[in-house]
Amino acid sequence: MRRFLAAACLTVCTALPAYAAECITNKGAFNQYKQTLAKQAASAGVGQRGLAALQSAALSNITWKFESNPRNQTGTLQSDPARFLAKRSGSSAESFINQTRNKIARNPNTFASIERSYGVPASILATIWGLETSWGGYLGGTPIVSGAVTLSSYCRRHPRFEPHAIAALRMVDAGILSPSTKGGPSGELGHMQFLAGNWMKYRVDANGDGRADPYNAVDALATAANMLRQNGWQPGQPFGEGTRNFNVLSVWNDSGNYLRAIVYSAQRAGT
């Protein structure tokens, strides 16, 4: 599984209503959780299509298995950035960095336009893109609604991820997702593997077609840059460990190993 659940985008963008669905600790209570979540979602404005998607959501066994196994929560992947990149990408760090550099070279106008607008370097965005989906090559195999609802039901993750589950239902209402659209096991979606709430908060129609689409690479890259900028990214400033920009990257992923790998690749791909 390419996506690590232990460190996902953590910016929660949708306030919970005054009451919340009660979390669960066993899979047998999943349908009961869905019933209470449906009431909460309806009170938050989710429409019929979104509520129908919730009713058809199935517990994601891969998500539950990951969350219930303590060994998956220790963050023991290699602390050396080059080894992390190799493990994550399935190739050498040098190969990953070269591919990142080539992706930038093939899309110079796109990356230059995004950097002018948001101040986030191409090397940062292209590295995250590569780490998340192999530059759009693999977008995930878990139905997004099922993954998001399963994660939000689990007591260790609830209620921090419940707003993202509700946002995923809103995305079904809006026609951005279907109930069967697949992504990461935490409900991550599109080229940059946003959580649904983050997409709905920061989304950008960068290609000017009138629709912000997480499955369009240009929109997804611009949205990632917008998310970083709105969380304090400083254009033109360094982003190495210990800097303010390095800390801003934690809104994308709170794993120190992941962040150091971003910086290691971006510093080399940008030269």
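Residues numbered from 1 in each chain as written. Predicted model: local features only at pLDDT ≥ 70, side-chain atom pairs only at ≥ 80, totals over all residues. Heavy atoms only, no water.

Undergrad: It is not clear to me how helix H7 (residues 122-133) should be interpreted in this structure. Could you clarify?
TA: Owing to its 3.6 residues per turn, the α-helix brings residues three or four apart onto one side. Its twelve residues give H7 an end-to-end C-alpha distance of 16 Å, which sits within 8% of 16 Å, the value for a rise of 1.5 Å per residue. Counting buried positions over the twelve residues of H7 gives twelve, a clear majority of the element. Listing the buried residues of H7 in full gives Ala-122, Ser-123, Ile-124, Leu-125, Ala-126, Thr-127, Ile-128, Trp-129, Gly-130, Leu-131, Glu-132 and Thr-133. Positioned one or two residues after H7, Ser-134 has a phi angle of 55°, which is positive. (Helix = DSSP H or I, 4+ residues; strand = E, 2+ residues; numbered from the N terminus. Expected span 1.5 Å × (residues − 1). Buried < 20%, exposed > 50% of the residue type's maximum accessible area, 1.4 Å probe, protein only.)

Undergrad: Looking at this structure, how should I read the state of the cysteines?
TA: Think of a disulfide as a covalent bridge from one cysteine sulfur atom to another cysteine sulfur atom. For the structure shown, the criterion picks out one disulfide. In this model, Cys-23 is linked to Cys-155 through a disulfide, with the two sulfur atoms separated by 2.0 Å. Taking the torsion about the S-S bond as the criterion, the Cys-23 to Cys-155 disulfide, at about 90°, is right-handed. Separated by 132 residues along the polypeptide, Cys-23 in the segment before helix H1 (30-43) and Cys-155 in the loop between helix H8 (144-153) and helix H9 (162-173) bring together distant segments of the chain. (Disulfide = S-S within 2.5 Å.)

Undergrad: Which parts of the structure should I look at to understand the side chain of Ser-146?
TA: Structurally, Ser-146 is set in helix H8. Overall, Ser-146 belongs to the buried group, its relative accessible area being 9%. Side-chain polar atoms of Ser-146 contact the backbone nitrogen of Ala-58, separated by 3.1 Å. (Polar contact = N/O pair within 3.5 Å; in protein donor to acceptor, adjacent residues only side chain to side chain.)

Undergrad: Help me out: how do you make sense of the packing of helix H5 (residues 93-106) against H7 in this one?
TA: Two quantities define a packed helix pair, namely the angle between the axes and the distance from one axis to the other. Between H5 and H7, the shortest axis-to-axis distance is 9 Å and the interhelical angle comes to 120°. Between H5 and H7, the crossing angle belongs to the class labelled oblique. The element H5 and its partner H7 pack so that their crossing is right-handed. Contacts between H5 and H7 involve Phe-96, Thr-100, Lys-103 and Ile-104 on the former and, on the latter, Ala-122, Ser-123, Ala-126, Thr-127, Trp-129, Gly-130 and Leu-131. Taken together, the residues of the contact of H5 with H7 sort by class into six nonpolar, four polar and one charged. (Axes fitted to C-alpha atoms, helices over the stretch in contact; angles between N-to-C directions. Parallel < 35°, antiparallel > 145°, perpendicular 65-115°, else oblique. Left-handed = near helix turned anticlockwise from the far one by under 90°. Contact = heavy atoms within 4.5 Å. Nonpolar A, V, L, I, M, F, W, Y, C, P; charged D, E, K, R; others polar.)

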